[in-house]
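Commentary on secondary and tertiary structure
This is what each chain is made of:
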Amino acid sequence: MRKIPLYYPFALALFATLFGSALFPKLHLSTFAPFLAIVYHVTPFSKALWIALGCGTILDLLSSEVRFGVYALNFVLITLLLYSQKKHFFEDKALGLSLFTTLIAAASTFLQFVLAHLFDRGIPFSSSVVGFDVLLMSAVDGLYAFLWFTCPLKIYTYIKKMGWKNLFSRKGQVDEE
């Protein structure tokens, strides 16, 4: 994944952020969680903090749910807490990205509940909220990371390696020129 420019996964995350609620209104994804997992693997800590702040600011600008700055604070705190955990997840494995995304999404959702309680209106906290929002939806975020990030990025690296011309040709087929 180090060979892929960061603007490709950022564009995927931004597209999911902008149009995800229109396409899937009942599904509340942590759209920048897979992007942050990729950022943690390919950038140094200081740059990852700045990128996390930028992603949180984008969500703050697009959201009216909570006070301005809560998403940015959330992403910066998550980066402070989980950046060093990247060594436990292989960056080139699809399962590693999905599991790291699940961890980031679960921690971010839990921290969002805490920050909403501190700075905004308190959200009722129960075991069903923890079970559904923190655990189940974080697992869905892991699936989202696989389908929306890993698969397109693997296709991108394959196309860069093989070229567009070889993408749709058969192995035994000889081009007639």
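Everything discussed here concerns the structure shown above.
Figured I'd write up the structure that's included with this text. From a predicted model like this one, the values you see are computed outputs, not experimental measurements.

Details of the overall build of the protein chain
- For the protein chain, the count of helices and strands is seven helices and zero strands.
- Going from the N terminus to the C terminus, the protein chain shows its helices and strands as α-α-α-α-α-α-α.
- Expressed as a percentage of contacts within the protein chain between residues at least 6 apart in sequence, the contacts between residues at least 24 apart total 70%.
- Each charge class in the protein chain was averaged separately, 15 positive and 10 negative side chains, and the resulting centres sit 6 Å apart.

Here we look at the packing of aromatic side chains
- As enumerated under the stated definition, the model contains twelve aromatic pairs in all.
- Aromatic side chains Phe15 and Phe19 sit 4.9 Å apart centroid to centroid with 50° between the ring planes, which places their arrangement in the tilted category. With Phe15 and Phe19 both in helix H1 (residues 7-23) and four residues apart, this pair spans about one turn of that helix.
- Taken together, the ring pairs connect Tyr40, Phe45, Tyr83, Phe89 and Phe100 into an aromatic cluster.

Let's talk about the nonpolar core
- Judged by nonpolar contacts, the single largest core of 35 residues is most densely connected at Phe32, Phe35, Tyr40, Cys55, Phe75, Ile104 and Phe149.
- Listing elements by their share of this core, those giving two or more residues are H1, helix H2 (33-42), helix H3 (45-62), helix H4 (70-82), helix H5 (94-119) and helix H6 (127-162).
- Element by element, the count of residues in this core is highest for H2, at seven residues.
- Apart from residues no more than four positions distant in its own chain, Phe35 is found in contact with Leu6, Pro9, Phe10, Ala13, Ile51, Cys55 and Phe149.

Some points on the packing of H5 against H6
- With their axes 8 Å apart at the nearest point, H5 and H6 run at an angle of 145° to one another. Crossing hand, H5 versus H6: right-handed. Contacts between H5 and H6 pair Ala94, Leu97, Ser98, Thr101, Thr102, Ala105, Ala106, Thr109, Phe110 and Phe113 from the former with Val129, Asp133, Val134, Ser138, Ala139, Asp141, Gly142, Ala145, Phe146, Phe149 and Thr150 from the latter.

Some remarks on the environment of Gly142
- As for its position among the elements, Gly142 is in helix H6.
- The exposure class of Gly142 is buried, given its relative accessible area of 5%.
- Here the alpha-carbon distance between Gly142 and Leu95, two residues 47 residues apart in the chain, equals 8.7 Å.
- In contact with Gly142, other than residues within four places in its own chain, are Ser98, Thr101 and Thr102.

Quick word on the side chain of Ser138
- If you trace the backbone, Ser138 turns up in helix H6.
- Residue class for Ser138 comes out buried when judged on its relative accessible area of 1%.
- Residues contacting Ser138, with those up to four places away along its chain left out, are Thr102, Ala105, Ala106 and Asp133.

A short note on the environment of Leu73
- Relative to the elements of secondary structure, Leu73 occurs in helix H4.
- Between the C-alpha atoms of Leu73 and Cys151, which are 78 residues apart in sequence, the distance is 30 Å.

Looking at the environment of Thr101
- By the secondary structure assignment, Thr101 is in helix H5.
- For the pair Thr101 and Leu36, spaced 65 residues apart in sequence, the C-alpha to C-alpha distance is 8.0 Å.
- Those residues in contact with Thr101, other than ones at most four positions away along the chain, are Ala33, Pro34, Ala37, Asp141, Gly142 and Ala145.

The rules we used
Residues numbered from 1 in each chain as written. Predicted model: local features only at pLDDT ≥ 70, side-chain atom pairs only at ≥ 80, totals over all residues. Heavy atoms only, no water. Helix = DSSP H or I, 4+ residues; strand = E, 2+ residues; numbered from the N terminus. Contact = heavy atoms within 4.5 Å. Lys, Arg positive; Asp, Glu negative; His and termini not counted. Charge placed at Lys NZ, Arg CZ, Asp CG, Glu CD. Phe/Tyr/Trp six-rings, centres within 6.5 Å; stacked < 30°, edge-to-face > 60°. Core = buried A, V, L, I, M, F, W, Y, C linked by side-chain atoms within 4.5 Å. Buried < 20%, exposed > 50% of the residue type's maximum accessible area, 1.4 Å probe, protein only. Axes fitted to C-alpha atoms, helices over the stretch in contact; angles between N-to-C directions. Left-handed = near helix turned anticlockwise from the far one by under 90°.

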